Amino acid sequence: MESYKPNTSRYDRAPGWFRRCGRSGLLLPLISLGCWHNFGAPGTDTSRHGSESSMHENARQMLFTAFDLGITHFDLANNYGPPPGSAEERVGQILKNDLHAHRDELIISTKAGYRMWPGPYGEWGSRKYLLASLDQSLKRMQLDYVDIFYSHRPDTNTPLDETLGALDSAVKQGKAIYTGISSYDAPLSDRTFDVCALNGLVKPVIHQPSYSMLNRWIEKGLLDVAEKRGFGLIPFCPLDQGLLTNKYLKEIPKESRAAHEAGFLKAERITPALQQKLRSLNDLAQEWGGTLAQLALKWVLRDPRVTTALIGASRPEQITECAAAVGKPALSDDLLQRIETVLAI
């Protein structure tokens, strides 16, 4: 296995490649890489790599490609895989063996909130769970600290000050530099900052919600809260599990996520009406001079309150395609209106 030599021109990007995360000092690339799917055990990835060596080499090349393109943010969670924890282990191994010299150039994030072990302390938002999970994540990734530690989902049965206090402790213990929240609605996100101020806790600098052309819930309040409170947004699934690519324009490919029952994207969602909408968006993308995926990413990033778009990938070429979206022309008012017309159908 050849050693990795980074591209020395990885930061030679157009002005604006990095965007400030809210009103914090943290800068993130406009495209970030999520290491959820395709970083777990052999055979669990979209391409169904049957051996550990081929699976691992594909993961290596995806991280190398991202870093060479200036994508310096790798996003994980304790339960990413499958099996849970395996993505952190794989990425940690690659960081240690190939990217250790560049640790200070990288933003590594992880999260805790979903079920990881049996019993009442294995999920949700208690102090017990969050801090134990972070210790386990650091061990799996072979890191002394993460750059961002998230509460992965809200927990209505745990006091908010306890959850936020655990994130605060992670920073004060030197195990995280920044904190974040994920999938909190607008009112709870707003309340989070009041609780932090009242208790003298470290405030989250970032929120990770789902957001895409086909899933626009954050426009009903969360964008305004982000501006008011000064945190950045990092939408996950900006391509909506691959729907906003050219993959499903006519059929459901056998190797796609929708073709496998265990996936989050269900085949029944891909109706003839949706496919017609996707084909219309694809026509607009071609007229604009890019791919549907690039148009979808450019659309998500059109709002400056969005710091970065969090993509997933199954092979390096997809990362290259997505990163190229940043250099594409800005979306004109006319094009934005035509997109709205298609989305309203």
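Predicted, not measured: the structure shown is a model, and the values here were computed from it. (Residues numbered from 1 in each chain as written. Predicted model: local features only at pLDDT ≥ 70, side-chain atom pairs only at ≥ 80, totals over all residues. Heavy atoms only, no water.)

## Quick word on helix H7 (residues 272-288)
Under the convention used in this document: Think of it this way: any DSSP run of H or I at least four residues long counts as a helix, any run of E at least two long counts as a strand, and we number them from the N terminus. Multiplying one less than the number of residues by 1.5 Å gives the expected span of a helix. Only protein chains enter the accessibility calculation, which uses a 1.4 Å probe; a residue whose area is less than 20% of its type maximum is buried, one above 50% is exposed, and one in between is partly exposed. Any two residues whose heavy atoms approach within 4.5 Å at even a single point are treated as in contact.
Taking 1.5 Å of rise per residue, 17 residues should cover 24 Å, and H7 covers 24 Å from first to last C-alpha, within 8% of that figure. By the burial criterion, the buried members of H7 are Leu274, Gln275, Lys277, Leu278, Leu281, Asn282, Leu284, Ala285 and Trp288. Where H7 is buried, its residues touch helix H8 (292-300) and helix H10 (333-344). Looking one or two residues past H7, Gly289 carries a phi angle of roughly 110°, positive in sign.

## Side note on the packing of helix H5 (residues 186-199) against helix H6 (residues 222-229)
Keep this limit in mind: Here an axis means a line fitted to C-alpha atoms, over the contact stretch when the element is a helix, while the angle between two N-to-C directions is reported on a 0 to 180 degree scale. Any angle from 65 to 115 degrees is called roughly perpendicular, while one under 35 is roughly parallel, one over 145 is roughly antiparallel, and all others are oblique. Helix crossings are classified by the rotation of the near helix relative to the far one: an anticlockwise turn of less than a right angle makes the crossing left-handed, while a clockwise turn makes it right-handed. Residues were grouped as follows: Ala, Val, Leu, Ile, Met, Phe, Trp, Tyr, Cys and Pro as nonpolar; Asp, Glu, Lys and Arg as charged; and all remaining residues, including Gly, as polar.
It is at 8 Å that the axes of H5 and H6 come closest, and there the two elements cross at 15°. Viewed along their axes, H5 and H6 adopt a mutual orientation that is roughly parallel. Judged by the twist between their axes, the crossing of H5 over H6 is right-handed. Only Leu222, Val225, Lys228 and Arg229 of H6 make contact with H5, whose side of the interface consists of Ala186, Ser189, Asp190, Phe193 and Asp194. Tallied by class, the residues present in the contact of H5 with H6 amount to four nonpolar, one polar and four charged.

## Let's talk about the pattern of salt bridges
The test is simple: Here, a salt bridge means any side-chain nitrogen of Lys or Arg that lies within 4 Å of a carboxyl oxygen of Asp or Glu.
All chains considered together, the criterion is met by 23 salt bridges. The closest approach of N and O atoms between Arg338 and Glu287, which form a salt bridge, is 2.8 Å. One end of the pair, Arg338, is in helix H10; the other, Glu287, is in helix H7, and 51 residues separate them in sequence. Residue classification places Arg338 among the partly exposed residues on the basis of a relative accessible area of 31%.

## Notes on the side chain of Ser151
Here Ser151 is to be found in strand E6 (residues 146-151). When its relative accessible area of 1% is taken as the criterion, Ser151 is described as buried.

Everything listed here is a matter of geometry and, on its own, says nothing about what the molecule does.
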